[in-house]
Structure formats: C-alpha cells, structure tokens
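# Descriptive structure summary
Residue-level listing of the chains:
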Amino acid sequence: MHNLLSRTLERLDRVRRDRILPRIHTRSAGVEVEAWTVADDGEPVSARHALGLARDPGRTAPGYRPFPLGAAWGQAWATTWFRIRGTAGQQAGPLDLVLDLGWFDHSVGGHCEGLVFTPDGTIVKGLHPRQPHVRLRGDGAVPGLLDADGTFVLYVEAAANPLLLGLPPFVVTDHGEKGAEEPFEQFRLRRAELAAFSPEIHALACDLDVAGGLAAELSADEPRHWRLLRAIEEALDVYDEADAEDGARRARAILAPVLAAPAHASAHRITAVGHAHMDTAWLWPLRETVRKLARTVSNALALLDADPALVYTMSAAQHFSWLEEHYPELFDRVRHHVERGRFVPVGGMWVEADGVIPTGESMVRQLTYGKRYFISRFGREPREMWLPDSFGYSGALPQLARRAGSRWFLTQKISWNDTTVFPHHTFWWEGIDGTRIFTHFPPAETYAAEVTARELRHAVTTFKDKAIASHSLLPYGYGDGGGGPTREMAERLHRFADLEGAPRVTSRSPAEFFQEAEAELLDAGSLEPVYRGELYLELHRGTLTSQTAMKQGNRRCESLLRAAEYLSAAASTLRDAPYPHADLDEIWRTVLLHQFHDILPGTSIAWVHREARDTYRMVEERLHDLIKQATAALGGERADPLAAAEPSAAVVEVTDGEAGATVLDDGLLRVVVDGGGHVVSLLDQRGGREVVPPGRRLNELQLFRDEPVRWDAWDVDRHVLRHPQVLDDVTSRKVIRDGSDAGVEVVRRTGASTITLTMWLRAGTGRFETECAVDWQERERLLKVAIPARVSARTARFETQYGYVERPLLANTASEEAMFEAAMHRYVQVADADFGLAIVNDTMYGADARADGDSTVVRLSLLRSARFPDPHADQGTHAFRWAVLPGADVPTAVEAAYAFNAPDLAGLSPIAPLVRLELLTGHAVVDWVKQADDCSGDLVVRVYETQGGRASARMHCHEELGAGAVLWETDLLERELTGDEDLPLAVGPTHRSVSEARLDLGPFQVATLRIAAPPKEDIQ
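What comes next concerns the included structure.

Procedures and definitions
Residues numbered from 1 in each chain as written. Predicted model: local features only at pLDDT ≥ 70, side-chain atom pairs only at ≥ 80, totals over all residues. Heavy atoms only, no water. Axes fitted to C-alpha atoms, helices over the stretch in contact; angles between N-to-C directions. Helix = DSSP H or I, 4+ residues; strand = E, 2+ residues; numbered from the N terminus. Parallel < 35°, antiparallel > 145°, perpendicular 65-115°, else oblique. Contact = heavy atoms within 4.5 Å. Nonpolar A, V, L, I, M, F, W, Y, C, P; charged D, E, K, R; others polar. Salt bridge = Lys/Arg side-chain N within 4 Å of Asp/Glu carboxyl O. Buried < 20%, exposed > 50% of the residue type's maximum accessible area, 1.4 Å probe, protein only. Polar contact = N/O pair within 3.5 Å; in protein donor to acceptor, adjacent residues only side chain to side chain. Expected span 1.5 Å × (residues − 1). Pairing = 2+ DSSP bridges. Phe/Tyr/Trp six-rings, centres within 6.5 Å; stacked < 30°, edge-to-face > 60°. Lys NZ or Arg CZ within 6 Å of the ring centre and 35° of its normal. Left-handed = near helix turned anticlockwise from the far one by under 90°. 1 Å grid on protein atoms, 1.4 Å probe; cavity = no way out; pocket = protein on both sides within 12 Å on 5 of 7 lines; lining within 4 Å. Points joined across faces, edges and corners; volume = space filled by probe spheres on them.

Axis separation between helix 7 (residues 317-326) and helix 8 (residues 328-339) bottoms out at 5 Å; the angle between their running directions is 125°. The orientation of helix 7 with respect to helix 8, classified from their angle, is oblique. In this structure, helix 7 contributes Phe 320, Leu 323, Glu 324, Glu 325 and His 326 to the contact, and helix 8 contributes Pro 328, Leu 330, Phe 331 and Val 334. Each residue belonging to the contact of helix 7 with helix 8 can be placed in one class, and the counts come to six nonpolar, one polar and two charged.

So, in structure tokens, the structure goes:
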C-alpha cells in the first residue's frame, strides 16, 4: 500500500503557520499611539504618576507625544509609557487590541515586556510574545474597557529589558548593568491595531496542535498514529483560508472523533498546575521582579476568571509581600482566588532559596518567615517544600521541612545531572538524620511546561517508578522571567484530559496530587523506594564560588545575627531591655531575600550583585548597632558568649631552617615554611604526626583555565581541573610577629593579580592559620589552595546544615567521580584509624577532596572570574581565612568553626551564658538562642547533635532566670509538639523544669526548646 500520509505533519506545520495562525486575528482598525519615556534616573515611576493621577516626589511630569509605528522606544533598562486610543466599532464578535513591542518569539520573560492599565490605574493584564493581546469585547474582556460609543483609552508600561540570554546563549555582554557603553539596538513598536478574534479558527489551531503533536509522539507501529494522520490530512483538505471560518468548522468536525477517543484504562495520570517559576533576581534586578510579578499574576488571574477549571500556584512569600505592598488591588484579587482554592500559595519559604549554602538557622527562618506570612495573610499553611530550581539540596532539608510542619518536597533540578540519572521520580527522601519526606520530581523534567504532547509523552516515558506509582505532577507556564500560563496551554490541557494515546491530565492543586501520590506509594510495600542523603546536583558546581562577595556577606550576616539575637535576648531576659523584634525581622527578611538561588550562588547580572554588596554592608552596620545596644544594656561592652573561648597562648619561637626555610614552633605544632613560601612540614608534636606528605606542599596556590562549555557563572567543568598551574613565583617573603603569634608573609603575582598569604602559627591553639588577600584581575580563571594531609581515608566530612555530608574520596563509580567539586560550610574533616585533621574557613563554600595514595588532598576554591552574566565578576580585592587543625575530630572541628566565624568582638568582657549544655554522652551544641517570635519573652534555644551519633545532655540556665524556669519542645514555628507528629523528640511532649530536663538526641537531630522563666516576683 502506498504511504500517502508520510508528509502530513510537515504539511500541518506549514499550513498552521502560514494559513491558520495569521487568520486568528483579522485587522479591524488602527489606533492612536502616544508615548512618554521616563527620564530622570531612568527608574520606574508609579502608575499613578504616569497616568497623571498623582505626582511622585522628584519625578518629571509625564509628557505624552505622538508615536509612529516602527519607531524605537527605549534604551536598555528604560521604561516607556504608551497611551493608546481607539474606537471599537459596531461589528459583533470578540475584539482584541494587538501589540508587538519588538519581541523575539523565542524568549518569554527574558526581554521587553508590558503591563496594561486603564486610565484610573486598574491593571488589566501583562504583555509578552505569547500574550500580545488585550481583550476589549467578548468572552474574557474586562468590563468597562470600552465606553458607550466604543472608544477606549489604555496605558502600557513597557520595560526595555535587554535580551541577555539569547541565541546563541552565554554571549558576553555589559548590558547586565545600567549605563553600559556597549551599543544597544532599541526595541521598536512593530504592531498596534484592533483585530477581530476568531474563536473557531483559534480552536482549530489548538485541535491541530494537539492532534499533530500526539501523532508525532506515537510510534508508526500504533494504529492510533495513522488514524490521527488521516484525520489531520482530511481536515487540512477541507480548510480553505479563502473562507477560513467555514473551513475551520468543517475541519474541526473531522478532527472531533479522534479527539474524543478516551485514554486507555491504565494511562498515566498527570496533575497539571499553572505556574510561573519566577526568579527573584537573575537577568534583571530586584526592582524588575516586582513588575514581572504584576504582569504574570494579572495574566494568571485573567485565566482563572475565564476558566473555572484551572488552578494556579505561586511560591515565595516575598513575592506575595511585594504584590501586597506595590499592587494592593492585584493582591486583593489573589486573596479572592486563594480563598476558593484556585490561586494556591506553595512552598512555605520566604524565597526559593539556594539549597546548600545558607546555614541551618537560615533555612529554618526561610520556612518560618514564609509559613507565618501565608498563615497571617491567607489563613493557610503550605505543606510542601517547593524548590524546583536550586543547585543541589542539603541532606538536612527533610528534617527541617518536617519540623516546620511540611509533609512533601518537590524539585525538578536533579534531572539536569551531567553524569548519572537519578533513579526515582516518586520516593521517600531520607535526610542525614533519618527523617523521611515524601518527594516528587516531575518526570516531564521541566518546571515551565507548555502542556505539549512531547512533554506528556516524555513524562510517561521517563517516569522511573511505574511499577508502584501511576501519577505525576506537571507545573506549566512560562517561567524564570515570568509570563505564566497562556490560553493555548489551557486549551491543550482540556484536550488532553482524556485522550487516547496520552496520559490523563487533570487540573488540581499540588496538595491533592501529593495526598494521592503519597497514599499510592504507601501501598508499595517492600518496593517502596528510599533515597538517603543529600541530593547532589551533578552540575552548576561553580555556584559555590562565583561572586565571592555574596558568600562573604551572607556568612558575616549570619554570624552577626547569631550574636545580635543572643545578646538581645540576654539584655531583655536579664535587664528588661526591649528586644528589637521589628529590627531583627526586617534584617532577617533582607538576608533571606538575598539567599535566593541566583543571588547567593552568584549567577545574576552585575546590577544585582552591585546592589547586594551595598545591602550586605548596610545590614552589617545595623547588626553591629544592635550588638552595641545589647551590650550597653547589659552594663558594658561584652563578648559573644556563643563563641568558644581561646585558650591562653604560649609564645611561638622562630628559627632559621635549611635552605632559607623558616621554622615556627609553639610546643604543640612545628611548621616549616621553605624559601619559596610553601609549607613543607606541619608536625603535630602532641602525637609525633607529620601532616604534610613527602614531596607535597601545603598552601600551594593552583590556577586553572576556567572555560565552561556553557553556563559560565554556574559551572566548573571536569576539563578545568585537569591542568593546574602552580603559583611558585615569590614577589616578597618575610617573617612577621603579632604578640605571641608568629608567621610568614608571602606575596605572589600572576598576570595582573597579586596574592598575599600570611601564614600564622597561633600560639597554644593547635591551629595553623592562613590569611589570604587577593587583588584579583583575572578572567576565566579559577584559584584554589591545596592542603595535602598524610591521612589515609576513604571519605571526607563536609559540613552542611546541622551536621555533615560524608563524601567519597575515591572515584570508583560515576557518581563518586561526579562529586569533583562539592559544597562545604565552615569545615572539612578527614580521618583515618588514629588521626584526624580539620580545615575550617570563614567564607568559602566550594572544595574538592580526593585520596592520593596513602594521603588525602583537600583543595579550597577561592575565586572564579566567569564572564557571563557579569563580565566583570569578582574583579577587585578579596580576603579569606582558613586554618588547619591537626588531630581534630568532628566535635573539635565544630567548636573551632564556631570560634573562627564569630564576629570580631575582641577585648570585650564575657558574661555567664544564658544557657549551656552539660554533655553526658556524645556531642551536641547550642546553635542559636533568641526570644520567641510571639513577643512573649520566652527563650528559644536550638540545639543539635554534631557527629551523626547519639548525645545526651542536661541544660543549665543563667541563675537570674531562676530555678522555676520550665522547658518544652516545639516545632520550628515554635508551636508545642505533642508527640503525635511522627518526629523524634529530645525532651518529650511535656513541660518540665529546666533543672530536671534531660535531652536525648539522635544522629544530627535538631531540637527547638522553649524556656519560660517564672514571673520576676517569684524569683528569690
């Protein structure tokens, strides 16, 4: 038989593109366009100012002038307001205002966008390449846009955001910052007209899209494939653009039977949720995200109003808060749909934060600030942790999510792995402490689906857990830069609801999906899948080092917050000083905002990081002020009692060694620095153990050509680490002293960069410390420092939130090899049977560690200099500190890490601690002390077990708290635990006297303890 349908799909593409889509809108009339470009500093003005309803202080009054089609309307990052007038006429049928601001069809949310307002300031909808229209008349039109005579006036706020990630991607550009001298081709207004909209032709386009897409995904061995092709061919035969309306009706009648055939009884089920993964900052500044939210949310609300079956989700309490502040009318509309379960807040976090870099307390606050916001504004608490796009996920997250009241976890990013394929899509994720959380990875492997046949087929084919599960989730809608769902996506969703050859697609809330999917997994019995430990992303390893100022600012703010909250709690509890709740809340929200997964990892444009550096400086100043206020209230300047005290110091002796070497010796450690400025010996004299392996050098600086294949600021590729260039040249070398301490300062140069290493033996501490100052002028280079250790180990312990991740030092398997760069917090610790060694740091997060014969080499990543999206990333001066602690076990590393990162409050007298642990067995620490968030004056204490074992302890309070203080355990939101939460408790679900309470902690268990002091009059 002749194959007469072999080119049907090619024919379909051409007919749909050239003869159907252009007929959906038919030009009806022209419009009058005027424009005003915002001058002054080029930053946006309020809609009330642009519409002449009110004046923004210090801003030039708007002056609209006639604007011709085809004219350029904005320099990079500028804003132009268009005023559009027209008359709809009397013809019947739907009528749209259609605009083209100069879009690239391939990019939604990544360049110019618009937001439409009525003259009284009401938001109508957003505009982007796939949403270029405003419905003036017919279904979906906003009432009142047309006057009685058919005239209208609309305003469009047009943002000239540059296309920074275009085709080809990762092209270096200076337009990630305002005022770039690089030429910019301005956007042009290419279309502005009234056009009649044909529902019938639009429906035909959607029918053919689904039928053709499904046919393309089905095998030629399946009869369904050929039945679809035949129906498409016959539909194209009867469609005639000369009478497009009639042709569309007849073509749809032919397609109707094949589009009505029901799905197979065993078809996979998909819950589709409208979504617009909105990057809080990325290729645009924070202020632009606020406007993106208005554009995206207004479009989503218009779809919800028009289609009662749809459900839309949005994460990040910060985004809702911005809407509430800047667009209160939109926020009220959102609240209306939240109440009806159709606009669903998800995630329960302040922002979609980076999943590995923030400290444990920061992740706690992401959850508590996010959840409390949703509870206070909507009376609802999200039960899922929603992090589709972070660059890896700490093994502490299951415990933190569960202890914050969440039941489920969602991400998609692990599908980006560059080496191995993750084994599950629906499974129990078990954290480093043993806590499990039900977890789902959408098998369509995107958080910005368009509900196409290809995506649905990919979801079915890819889904790893078919034997025990039959249901997955599909977040659909343009994301990253926003945009959200479109009416075409909604049309596809309805057509795929129950269609032969495809999975069944239903619009529901994420909670409905999770409840059903979790119940399904619980029925799996012995096949129930469990994945243990961190979710390491085999990609984007460079985010641990890019834009080092982000990491340093975050680390310093976290440390200062720890001190400020402790001292403020002490001042309030012991001296009745007011606790600065409002100030601390504002500071925390700022720090949490900047932990967003493109700010803290260093993958945003220069504008974002410039503002972030300024913000971190401001936050640090405010925290220092709060610390001063607290210490003054306590009766004088006092040190942070949470920092471990330094032991009294002996004196370091300095002698000359062989061949120009310098020998530093304090009786505990003996360090030899050769004439070239490298450490060739580090002897732990307490046990006679030499740390530096024969022929190796400690503190060796290594430079690498850092030329990623793609994703410049994100990736460190394998080939980068193959050929280190050792920096041996010495510009200067001298012995230095500081009191009882002594060291060697070595200056090296590479290219235009200068690196100064000041290596100290801190007398009596058992710590060999290095200060590194860098004037960094390199581009596309990676700088590491190598610390070899004569320790024969198979694993290394990298600190993470509330514990550590034990990673392999070998590369026997693909997954082991893929961890060639990994995340650490404040320490890395390695050990063999009888000796351990720790490396603590004050600001680094990226490192690699590998076994080398009978030794281990740890290399800390100091600096990168990627050129996209910020071509001048990390240029300038930087400072780092690290220290090597021979003989250190994990408890020693933990205590040293706290001390090494404590704020510099040297010389201030200590106070007795508010709380302390008396360890009975194992090791645990008090991580955080603060006042309760409900302003009750109660103390909240966060403790955790540090070694991955078990610990028992008694807690002791400051004597001024009184013997009558009582203690009980809470969740992270400081709600009392009852024992029914399926979580291990440290003290049990009853109130008890602090003096009688015993804490029993499991491996890496976090416990939140609330302490209420008796009334002052009861204290004798």
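It is worth spelling out the pattern of salt bridges at this point. Proximity of charged atoms lets side chains of opposite charge pair with each other. For the structure shown, the criterion picks out 90 salt bridges. Here Arg 689 ties to Asp 832 by a salt bridge, and the two come within 2.8 Å at their closest N and O atoms. Placement of Arg 689 in strand 25 (residues 689-690) and of Asp 832 in the loop between strand 36 (827-831) and strand 37 (836-841) is noted, with a sequence separation of 143 residues between them. Accessibility classification places Arg 689 together with Asp 832 in one group, the buried group.

The topology assignment puts Lys 784 in strand 32 (residues 781-789). Accessibility expressed as a relative area gives 0% for Lys 784, which makes it buried. Among the polar contacts listed, one links the side chain of Lys 784 to the side chain of Asp 848, at a separation of 2.6 Å. Not counting the four nearest positions on each side in its chain, Lys 784 is found in contact with Glu 700, Leu 701, Gln 702, Phe 704, Leu 721, Glu 821, Ala 847, Asp 848, Arg 859, Leu 860, Ser 861 and Leu 862.

The next thing to look at is helix 15 (residues 581-593). The terminal C-alpha atoms of helix 15 lie 18 Å apart, and with 13 residues this matches the ideal 18 Å at 1.5 Å per residue to within 8%. Among all positions in helix 15, only His 581, Leu 584, Ile 587, Trp 588, Thr 590, Val 591, Leu 592 and Leu 593 are buried. Among the structural elements, helix 6 (286-306), helix 7, helix 9 (360-378), helix 14 (548-575), helix 16 (606-633) and strand 42 (924-931) are those in contact with the buried residues of helix 15.

Here six strands make up an open sheet; going across it, the order is 3-2-4-9-6-7 and the pairing antiparallel. Looking along the sheet, the strands with just one partner apiece sit at the ends: strand 3 (65-66) and strand 7 (123-127). With six bridges joining them, strand 2 (residues 32-37) and strand 4 (residues 79-87) adopt antiparallel strand pairing. By the bridge assignment for strand 4, Trp 36 is matched with Trp 81. Sheet contacts for helix 6: strand 4, strand 6 (113-117), strand 7 and strand 9 (151-159); angle to strand 7, the most-contacted strand, approximately 105°.

All right, on to the packing of aromatic side chains then. Here the structure, examined in full by the defined rule, presents 36 aromatic pairs. For the ring pair Tyr 393 and Phe 409, a centre distance of 5.6 Å and an interplane angle of 80° mean the geometry is edge-to-face. With Tyr 393 in the loop between strand 14 (384-386) and helix 10 (397-403) and Phe 409 in strand 15 (residues 408-410), this pair connects stretches of sequence that are 16 residues apart. Note on accessibility: Tyr 393 and Phe 409 belong to one class, buried. Put simply, the rings of Tyr 312, Phe 320, Phe 331, Phe 343, Trp 350, Tyr 373, Phe 374 and Phe 378 touch in pairs and so form one group of aromatic residues. Here the guanidinium or amino end of Lys 413 rests over the ring plane of Trp 416, the centre of that ring lying 3.4 Å away. The ring of Phe 798 has Arg 807 lying over it, and the distance from NZ or CZ to the ring centre is 4.7 Å.

Two numbers describe how helix 14 lies on helix 15: the axes approach to 11 Å, and their chain directions differ by 160°. One element, helix 14, and the other, helix 15, form an angle in the roughly antiparallel class. Where helix 14 crosses over helix 15, the two elements pack in a sense that is left-handed. Residues Asn 554, Cys 557, Leu 561 and Glu 565 of helix 14 lie in contact with helix 15, whose contacting residues are Leu 584, Ile 587, Trp 588 and Val 591. Taken together, the residues of the contact of helix 14 with helix 15 break down into six nonpolar, one polar and one charged.

Structurally, Arg 916 is set in strand 41 (residues 915-921). Spatially, the C-alpha atoms of Arg 916 and Leu 761 are 30 Å apart, while their sequence positions differ by 155 residues. Apart from residues lying up to four places away in sequence, Arg 916 is in contact with Arg 954, Met 955 and His 956.

Bringing empty space enclosed by the protein into the picture now. This model, assessed by the stated rule, comprises nine cavities of 30 Å³ or more. For the largest cavity, the calculated volume is near 290 Å³. In terms of lining residues, the largest cavity is bounded by 24 residues, among which Thr 359, Arg 562, Arg 826, Tyr 898 and Asp 927 are the most central. When contributions to the lining of the largest cavity are tallied by element, the ones reaching two or more residues are helix 9, helix 14, strand 33 (795-800), helix 18 (890-901) and strand 42. Broken down by element, the lining of the largest cavity gets its largest block of residues, four residues, from helix 14. Partitioned by chemical class, the residues of the lining of the largest cavity number eight nonpolar, eight polar and eight charged. Considering only enclosed or pocket space, the second largest cavity measures out at about 130 Å³ in volume. Along the wall of the second largest cavity there are 18 residues; nearest its centre are Val 356, Phe 391, Tyr 536, Leu 544 and Ala 823. A class-by-class count of the residues in the lining of the second largest cavity yields ten nonpolar, three polar and five charged.

Another aspect to go through is the environment of Arg 686. In this fold, Arg 686 is placed in the loop between strand 24 (679-684) and strand 25. Judged by its relative accessible area of 48%, Arg 686 is partly exposed. Beyond its immediate chain neighbours, meaning those up to four positions away, Arg 686 contacts Leu 668, Leu 669, Gly 766 and Pro 886. Reaching out from Arg 686, the side chain makes a polar contact with the side chain of Asp 684 at a distance of 2.9 Å.

Let us now look at the sheet that holds strand 30 (residues 753-762). Read from one edge of the open sheet, nine strands run 28-29-30-31-40-37-36-33-34, paired in antiparallel fashion. Bordering the open sheet on either side are strand 28 (732-738) and strand 34 (803-808), each of which pairs with just one other strand. Averaged over all pairs of adjacent strands, the angle between strand axes in this sheet comes to 20°, irrespective of strand direction. Two elements, strand 37 and strand 40 (residues 876-886), share five bridges in a ladder whose sense is antiparallel. Within the sheet, the bridge partner assigned to Ala 838 lies in strand 40 and is Leu 885.

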